[in-house]
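Coordinate analysis (summary)
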Amino acid sequence: MAWFTLFDQEEVLEDYIASDRREQAEKNAQITAKKLYSNKVSVDVIAQSLGYSVKVIEEWLSLVPQV
């Protein structure tokens, strides 16, 4: 007897795909943040534009030590 039904397998696959998309979106945001910062855009503007906190942007840009 299989532990997973077809529905369970589809749900797991959908969750995996959604997680992969979120990870890729974050990677793209990091790349964009670095490009904007190299063009003298402020961290505050980058954070607001990308929808992340200033703290997260600073971590991506290595402006604050990561704990």
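Our structure's up above, just so we're on the same page.
For every chain, the first residue of its written sequence is number 1, and the numbers climb from 1 along that sequence. Where local features are concerned, this predicted model is filtered to residues with pLDDT of at least 70; where side-chain atom pairs are given and counted, the filter is 80 or more; whole-chain, interface and lining totals use all residues. Note that the side-chain values use all heavy atoms of the structure and ignore hydrogens as well as water.

**Focus on the nonpolar core**
Where we set the bar: Among buried residues, the Ala, Val, Leu, Ile, Met, Phe, Trp, Tyr and Cys ones that are joined through side-chain atoms within 4.5 Å form a nonpolar core. Exposure categories follow from relative accessible area, calculated using a 1.4 Å probe and restricted to protein chains: below 20% of the type maximum is buried, above 50% is exposed, and the middle band is partly exposed. Counting from the N terminus, the helices are the DSSP runs of H or I reaching at least four residues and the strands are the DSSP runs of E reaching at least two. Whether two residues are in contact is decided by their heavy atoms, any of which lying within 4.5 Å being enough.
Membership of the largest hydrophobic core is limited to eight residues, which are Ala 29, Ala 33, Val 43, Ile 46, Ala 47, Ile 57, Trp 60 and Leu 61. The set of elements that each furnish at least two residues to this core consists of α1 (6-38), α2 (43-50) and α3 (54-60). Setting aside anything within four residues of it in sequence, one finds Leu 61 in contact with Ala 33, Lys 34, Tyr 37 and Val 43.

**What to know about a nonpolar patch on the surface**
Quick reminder of the rule: Exposure above 30% relative accessible area and no salt bridge define the residues that can form patches, which grow by joining like charges within 9 Å and nonpolar side chains of Val, Leu, Ile, Met, Phe, Trp and Tyr within 5 Å. Note on areas: Shrake-Rupley, 1.4 Å probe, and residue coverage restricted to the protein chains presented here. A carboxyl oxygen of Asp or Glu within 4 Å of a side-chain nitrogen of Lys or Arg is what we treat as a salt bridge.
Residues Leu 13, Tyr 16 and Ile 17 make up a contiguous nonpolar surface patch of roughly 320 Å² in combined accessible area. Residue position: Tyr 16 is located in helix α1. Residue Tyr 16 is classed as exposed on the basis of its relative accessible area of 57%.

**Considering α2**
This is how the line gets drawn: Think of it as the arc spanned by the lines of direction from the helix axis to the C-beta atoms.
When we look at burial in α2, the residues that qualify are Val 43, Ile 46 and Ala 47. Taken around the axis of α2, the buried residues stretch over an arc of 100 degrees, which confines them to a single face. Facing away from the buried side of α2, by more than 90 degrees, are the exposed residues Asp 44, Gln 48 and Ser 49.

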